[in-house]
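The lines below spell out each chain.
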Amino acid sequence: MRAFVAVDLPAEFEDEVAALARRLHACVEGRFLKRQTYHVTLAFLGEINEADARRAIDALERACALSAPVLLEPKGFERFGHRREGLLALALEADPGLVGLAENLRSGLRAQGVAYDEKRFSPHISLVRRARLEAPCLPDLPFPHACVAASATLYKSTLTPEGALYKPLYTVDLPV
Ligand code: ATP
Ligand code: MG
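Definitions and cut-offs
- Residues numbered from 1 in each chain as written.
- Chains lettered and ligands numbered in written order.
- Predicted model: local features only at pLDDT ≥ 70, side-chain atom pairs only at ≥ 80, totals over all residues.
- Heavy atoms only, no water.
- Helix = DSSP H or I, 4+ residues; strand = E, 2+ residues; numbered from the N terminus.
- Rg over C-alpha atoms; globule rule 2.2 N^0.38 Å.
- Buried < 20%, exposed > 50% of the residue type's maximum accessible area, 1.4 Å probe, protein only.
- Areas by Shrake-Rupley, 256 points an atom, 1.4 Å probe, with all protein chains shown as cover.
- Lys, Arg positive; Asp, Glu negative; His and termini not counted.
- Charge placed at Lys NZ, Arg CZ, Asp CG, Glu CD.
- Contact = heavy atoms within 4.5 Å.
- Disulfide = S-S within 2.5 Å.
- Near = heavy atom within 4 Å.
- Polar contact = N/O pair within 3.5 Å; in protein donor to acceptor, adjacent residues only side chain to side chain.
- Nonpolar A, V, L, I, M, F, W, Y, C, P; charged D, E, K, R; others polar.
- Axes fitted to C-alpha atoms, helices over the stretch in contact; angles between N-to-C directions.
- Left-handed = near helix turned anticlockwise from the far one by under 90°.
- Pairing = 2+ DSSP bridges.

Peer 1: Describe the overall build of the protein chain, with residues and values.
Peer 2: Assigned secondary structure in the protein chain consists of three helices and ten strands. When its helices and strands are written in sequence order, the protein chain yields β-α-β-β-α-β-β-β-α-β-β-β-β. Taken against the 2.2 N^0.38 rule, which gives 16 Å for 176 residues, the C-alpha radius of gyration of the protein chain at 16 Å falls within 12% of a compact globule. If one aligns the C-alpha atoms of the protein chain with their principal axes, the spans along those axes are about 45 × 35 × 25 Å. When the 176 residues of the protein chain are sorted by exposure, 45% land in the buried category. With the model as given, the accessible surface of the protein chain reaches about 9,400 Å², and the carbon-plus-sulfur share is 51%. Positive and negative charge centroids in the protein chain, built from 22 and 23 side chains respectively, lie 6 Å apart.

This is the structure:
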């Protein structure tokens, strides 16, 4: 199965992110992601088997147990990939709790022998795929207020022509 580990968004924060995304419709074209899919990826595992999934759950449990409170604090819009047709995301500040959680999870995965994409952790919430916008078009919009995250989850991702479907496999509480 295709899998990744992500921090889940508290409901109120998710509301604010969805409100921000709605206001982008005025100046951005592309595939707007559904609010139920919003998340902050900590580690992308790709194809794993059942044994790897158990090891990943173990690494997730340990990382969350060690974690400081994880602050989700919007920083600004960020483009990934192709300049005119890439991903548009809401970038988050490098909060020490959030960065520490990603580092502890990743070192736990390494210790367990579970492979993951080792690109540098760059915390963000994906908003629009294949986003087309003219250069200086992003308006000054009110960003969501920072909040403390409550959980992290191992997800199974199934790719479909309409976008990926995520299924939570295992969720662990974070300290608040
Ligand atoms: P789609 O690929 O259909 O646009 P998606 O990217 O949301 O959907 P996945 O490709 O399964 O679904 O990715 C799940 C999560 O992992 C997303 O947050 C995605 O941005 C992130 N991700 C995917 N591939 C990588 C990668 N190689 N390295 C880091 N993160 C990745
Ligand atoms: Mg993808």
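Peer 1: Could you give me a rundown of the environment of V7, with the residues and numbers involved?
Peer 2: Tracing the backbone through its elements, the reader meets V7 in strand β1 (residues 2-7). Residue contacts for V7: discarding those within four places in its chain leaves H39, V40, L42, L72, L98, L101, A149, S151 and A152.

Peer 1: Account for the state of the cysteines, naming residues and giving values.
Peer 2: Two cysteines whose sulfur atoms are joined by a covalent bond form what is called a disulfide. Considering all chains together, one arrives at zero disulfides under this definition. We note that C147 lacks a disulfide partner, and the nearest cysteine sulfur, in C64, lies 15 Å from it.

Peer 1: Account for the site of ligand 1, naming residues and giving values.
Peer 2: Looking at ligand 1, there are 13 residues lining it, with R2, H39, T41, S157 and Y166 nearest. Contact between ligand 1 and K119: a nitrogen atom at 3.3 Å from a side-chain N or O atom of the residue. Side-chain polar atom of R129 to an oxygen atom of ligand 1: 2.7 Å apart, as the coordinates give it. The protein chains hide 76% of the 590 Å² of surface that ligand 1 would expose on its own. For the shell around ligand 1, the secondary structure elements donating two or more residues are β1 and β3 (40-47). In terms of residue class, the shell around ligand 1 is built from five nonpolar, three polar and five charged.

Peer 1: So what's going on with the packing of helix α2 (residues 50-66) against helix α3 (residues 96-112)? Which residues, and what values?
Peer 2: Each pair of packed helices can be described by the angle between their axes along with the distance between the axes. For the pair α2 and α3, interaxial distance at closest approach is 8 Å and the crossing angle is 145 degrees. Here α2 runs over α3; the crossing is right-handed. Every residue of α3 that contacts α2 at R55, A56, D58, A59, L60, A63, C64 and L66 is listed here: L101, N104, L105, G108, L109 and Q112. Of the residues contributing to the contact of α2 with α3, the split by class is nine nonpolar, three polar and two charged.

Peer 1: Could you give me a rundown of the side chain of S151, with the residues and numbers involved?
Peer 2: As for its position among the elements, S151 is in strand β9 (residues 151-158). On the accessibility criterion, S151 (13% relative accessible area) is buried. At 2.8 Å, the side chain of S151 and the side chain of D8 are in polar contact. Sequence-distant contacts of S151, that is, excluding residues within four places in its chain, are made with V7, D8, T171, V172, D173 and L174.

Peer 1: Can you explain the sheet that holds strand β6 (residues 86-92)? Please cite residues and give values.
Peer 2: Taking strand neighbours across the sheet as the criterion, the four strands line up as β2-β7-β6-β5 in an open arrangement whose pairing is antiparallel. In this open sheet, the two strands that pair with only one neighbour each are β2 (29-32) and β5 (74-80). Neighbour-to-neighbour, the strand axes of this sheet turn through a mean angle of 30 degrees, independent of strand direction. Across three bridges, β2 lies against strand β7 (residues 124-132) in antiparallel orientation. Opposite R31, over in β7, you have R129 as the bridge partner. Running at roughly 20 degrees to β7, helix α1 (residues 11-24) makes contact with β2, β5, β6 and β7 of the sheet.

Keep in mind that these numbers describe shape and distance, not what the molecule does.
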